[in-house]
Amino acid sequence: MQARHNAAEVGGAVPIGATGGATLRFLAAAIGAKAVVEIGTGCGVSGIWLLRGMLPDGILTSVDVEPEHQRLARQAFGEAGFAANRYRLIGGRALDVLPRLTDGGYDLVFCDGNKQEYPDYLSAALRLLRPGGIVTFDNALWHGRVADSGYQDEDTTAIREVCDRLRAEEHIVPLLLPVGDGLLAGVKRGE
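This report concerns the structure included in the present document. (Residues numbered from 1 in each chain as written. Predicted model: local features only at pLDDT ≥ 70, side-chain atom pairs only at ≥ 80, totals over all residues. Heavy atoms only, no water.)

Observations concerning the nonpolar core
(1) Moving on: Of all hydrophobic cores here, the largest spans 31 residues; its most connected members are Ile39, Leu98, Val109, Cys111, Tyr121, Val135 and Phe137.
(2) Moving on: Put simply, the parts of the chain that give this core at least two residues each are strand S1 (35-39), helix H5 (94-97), strand S4 (106-111), helix H6 (118-128), strand S5 (129-138) and helix H7 (154-168).
(3) Moving on: Of the residues forming this core, the biggest block, seven residues, is contributed by H6.
(4) Moving on: Not counting the four nearest positions on each side in its chain, Val109 is found in contact with Val37, Ile39, Ala125, Leu128, Leu129, Ile134, Val135 and Thr136.
(5) Moving on: Membership of the second largest hydrophobic core comes to 25 residues, among which are Ile16, Leu27, Ala28 and Val45. (Core = buried A, V, L, I, M, F, W, Y, C linked by side-chain atoms within 4.5 Å. Buried < 20%, exposed > 50% of the residue type's maximum accessible area, 1.4 Å probe, protein only. Helix = DSSP H or I, 4+ residues; strand = E, 2+ residues; numbered from the N terminus. Contact = heavy atoms within 4.5 Å.)

Below, the structure is given as C-alpha cells:
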C-alpha cells in the first residue's frame, strides 16, 4: 500500500497496523457508517480502511495539523479508487476543528492524533456521536506502557486517563481490543 510507504518516508505519521485497520473497517461496516471523523489523517492508511468499511455514499472527515500528511493522504485515497467527494480533509489542530463539527452527526470517531489530547478527544467524540455510534482510540496499550505503572510520561498517563474515563462513562459500552498496539472502543448508548 502506497500510503504505508509514504508514512515510512515522511516519518512522524506511524500508520495503524493491518489488524487495527481491519478492525476499523469491520466496525464501520457493522454500523453502516455514513459519517466518520478521523483525528490524525497521517498519510491515509487508516482513512483507506475506514472508507472501505463505510457505506458507498459515506463521507470521511479527517483532521490533521500537517499539510504534507494530508497531501499524501489525498493522493493515497485517489490511488485506492476513492472519489474526492468521499472525504474531506481539514487542516488544523483537532481541538480547534472539532467544535465546528455537527453535534450527534457522526457514526464513528477514530482518534489517532496527539496522545496527550486523547481525553479531550473523548469529550468531543461524545458530543459528535449519534446514539449507537462508536469512538475508537489507537495505541491504547502504548507499547505495553499503559499497564506498567512505572511509566508516568504525559502520553502514557493521558492514554490511561481516557481508558479510565471510557470505562466509567455510564453512556458508553467500552471494549479494549488487543489488536496491534491496542484499539480502545466504546459504543455510545442512547441518552
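Regarding the sheet that holds strand S2 (residues 59-64)
(1) Moving on: Strand order in this open sheet of seven strands is S3-S2-S1-S4-S5-S7-S6, and the pairing throughout is mixed. Of all strands in the sheet, those with a lone pairing partner are strand S3 (87-91) and strand S6 (172-177), marking the two edges. Pairwise comparison of adjacent strand axes, ignoring direction, gives a mean angle of 15 degrees for this sheet.
(2) Moving on: Both S6 and strand S7 (residues 183-188) contribute to a ladder of six bridges, which runs antiparallel. Considered in S7, the bridge of Leu175 is made with Ala185.
(3) Moving on: Lying on the sheet, helix H3 (residues 45-53) is in contact with S1, S2 and S4; it crosses S1 at an angle near 165 degrees.
(4) Moving on: Strands S2 and S3 of the sheet are contacted by helix H4 (residues 67-79), whose axis makes an angle of about 170 degrees with S3. (Pairing = 2+ DSSP bridges. Axes fitted to C-alpha atoms, helices over the stretch in contact; angles between N-to-C directions.)

Considering H6
(1) Moving on: With eight of eleven residues buried, H6 is to be regarded as a mostly interior element.
(2) Moving on: Turning to H6, its buried residues are Tyr118, Pro119, Tyr121, Leu122, Ala124, Ala125, Leu126 and Leu128.

Here we look at unusual backbone geometry
(1) Moving on: Even without being a glycine, Asn139 presents a positive backbone phi close to 65 degrees.
(2) Moving on: Mapped onto the fold, Asn139 is located in the loop between S5 and H7.

Looking at the pairing of S3
(1) Moving on: Note: S2 against S3, five bridges, orientation parallel. By the bridge assignment, Leu60 is partnered in S3 with Tyr87.

Structural notes on the pattern of salt bridges
(1) Moving on: Using the criterion set out here, one finds eight salt bridges in the structure.
(2) Moving on: With a closest N to O distance of 3.1 Å, Asp57 and Lys34 form a salt bridge. Placement of the pair is Asp57 in the loop between H3 and S2 and Lys34 in the loop between helix H2 (18-30) and S1, with a sequence separation of 23 residues.
(3) Moving on: The residue Asp107 makes a salt bridge to Arg130 at a minimum N-O spacing of 2.5 Å. (Salt bridge = Lys/Arg side-chain N within 4 Å of Asp/Glu carboxyl O.)

Some words on the side chain of Glu117
(1) Moving on: Mapped onto the fold, Glu117 is located in the loop between S4 and H6.
(2) Moving on: Taking the relative accessible area as the measure of exposure, Glu117 reaches 11% and is therefore buried.
(3) Moving on: Those residues within four positions of Glu117 in sequence are excluded, and the remaining contacts are Arg93 and Leu95.

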